[in-house]
Amino acid sequence: GTLEFYFPAFKRSRKSSLLQAAHNIIFKFSVLPENFECSEPLSLSVSDYQECFRKLREAETSEIVKMIASLKAEEMNQLQLVEREEIDDEEELFEAIDKLISQGINSGDVKKLQDAGIYTCNGLMMHTKKHLTGIKGLSEAKVDKICEAAEKIVNFGYMTGSDALLKRKAVIRITTGSQALDELLGGGVETSCITEAFGEFRSGKTQLAHTLCVSTQLPTNMNGGNGKVAYIDTEGTFRPDRIVPIAERFGMDPGAVLDNIIYARAYTYEHQYNLLLGLAAKMSEEPFRLLVVDSVIALFRVDFTGRGELADRQQKLAQMLSRMTKIAEEFNVAVYMTNQVIADPGGGVFISDPKKPAGGHVLAHAATIRLMFRKGKGEQRVCKVFDAPNLPEAKHVFQITPGGIADAKD
């Protein structure tokens, strides 16, 4: 003579406040919400059920709906960026450099590697032996021993295509705030690669950077990255007050969002490179999902002048881009960098104002996905896939709103 009703089960180990609230609704209003399923049964006698059903017909539906909506909003607010221990168990993306000690490497040598900005065995394998012997206190014999120990911990050899496909499942796609733009990018901005956006001023590159600073902190089930953001600003265009309305649009606490963004203003290309080196220490300790460099080329155009310094400039630029690529793959971080454009007199007679991205072939080969931005009418902007290994050449219109990047309105 009893009926069992099930309520929603949640991923979190602790009892969900929404689940508790659903029970409260039952006993306060004698209402049994329909289509609820969960692991915890609630047993009622048939007579109790009939009494609940009678009171359900008398209750004001609008009041119940409002209460459920407010409870869902409360639960959504609790989905703010959580600490590492609360994140769902997942396979470690990298091996900490401390594991070398178990392989017989002296702790003092490990400390020297950390002082040089190497905090993971994965990152260690991304450096040449020539570079490692340049670290003070490490001889060639020590470097050989360290590399042999790292090879036992990290597999940097061949793998099958099936294993590579399985590894790609760790890639997260972060929403841009515009559904059309997400579709263009195959789901959003990818982690483990560099996405470059180039275009003239006022084409929406920095606005997308600000929107990504917020959307990256959304849970993964909301097309976010559930991680922190690092922002390197070379042009002085980062505005924390711009983050506030974007965070409010996504239903997040602006203060918490800003606390999860680390920001640095770079003034020279050397300063810019040193900031990148310092990121390894932070990313090995905390869950980062986005690195923004706005813009990557500005300081190189200032610090190097004339054709006589062009070769040196391109070499330094290649080293910086290589470092960004390694950060992306080492920590499964999405790297979003903006780029400037230069006039292209040989661009063609049919183009009224021909332009091409700065940085030359070095930058073109380093970027995995290249997006070309241009102005549209009013607040509308056009994004075109200029180059990508897995995306067709296409374009979409998006709009800049007070709440960041959004779909264009007709």
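Everything below is about the structure shown above.
Residues numbered from 1 in each chain as written. Predicted model: local features only at pLDDT ≥ 70, side-chain atom pairs only at ≥ 80, totals over all residues. Heavy atoms only, no water.

K.L.:
What am I meant to see in the pairing of strand E13 (residues 380-387) here?
P.N.:
Looking down a regular strand, the side chains alternate between one sheet face and the other. Both strand E12 (residues 369-375) and E13 contribute to a ladder of six bridges, which runs antiparallel. The residue of E13 that forms the bridge with Met 372 is Lys 384. In textbook terms, the turn of a hairpin is the stretch between consecutive antiparallel strands, and for E12 and E13 this stretch comprises four residues, one of which, Gly 378, has a positive phi near 65 degrees. Alignment of E13 against strand E14 (residues 395-401), held across five bridges, turns out to be antiparallel. Bridging from a neighbouring strand, Val 382 pairs with Val 397 of E14. (Pairing = 2+ DSSP bridges. Helix = DSSP H or I, 4+ residues; strand = E, 2+ residues; numbered from the N terminus.)

K.L.:
Quick question: what am I supposed to make of the packing of helix H10 (residues 205-215) against helix H11 (residues 240-249) here?
P.N.:
For any two helices packed against each other, the geometry comes down to the angle between their axes and how far apart the axes lie. Viewed as axis vectors pointing N to C, H10 and H11 meet at an angle of 55 degrees, and their least axial separation amounts to 9 Å. One finds that H10 runs oblique with respect to H11. As for how H10 packs across H11, the hand of that crossing is right-handed. Between H10, through Gln 207, His 210, Thr 211, Cys 213 and Val 214, and H11, the contact on the second element is made entirely by Arg 242, Ile 243, Ile 246 and Ala 247. A breakdown of the residues in the contact of H10 with H11 according to their chemical character gives five nonpolar, three polar and one charged. (Axes fitted to C-alpha atoms, helices over the stretch in contact; angles between N-to-C directions. Parallel < 35°, antiparallel > 145°, perpendicular 65-115°, else oblique. Left-handed = near helix turned anticlockwise from the far one by under 90°. Contact = heavy atoms within 4.5 Å. Nonpolar A, V, L, I, M, F, W, Y, C, P; charged D, E, K, R; others polar.)

K.L.:
Is there a simple way to explain the packing of aromatic side chains in this structure?
P.N.:
For any two aromatic rings, the description comes down to two numbers: the centre-to-centre distance and the angle of the planes. Summed over the entire model, instances satisfying the criterion amount to eight aromatic pairs. With a centroid separation of 4.6 Å and an interplanar angle of 50 degrees, the aromatic rings of Tyr 231 and Phe 238 are classed as tilted. Of the two residues, Tyr 231 and Phe 238, neither departs from the other in class, the shared state being buried. Their ring planes at 40 degrees and their centres at 5.5 Å tell us that Tyr 269 and Phe 300 sit as a pair that is tilted. With Tyr 269 in helix H13 (residues 269-285) and Phe 300 in helix H14 (residues 298-303), this residue pair connects regions lying 31 residues apart in the sequence. The exposure class of Tyr 269 is buried, given its relative accessible area of 16%. Put simply, the rings of Tyr 231, Phe 238 and Tyr 263 pair up and form one aromatic cluster. (Phe/Tyr/Trp six-rings, centres within 6.5 Å; stacked < 30°, edge-to-face > 60°. Buried < 20%, exposed > 50% of the residue type's maximum accessible area, 1.4 Å probe, protein only.)

Purely geometric numbers; function is a separate question.
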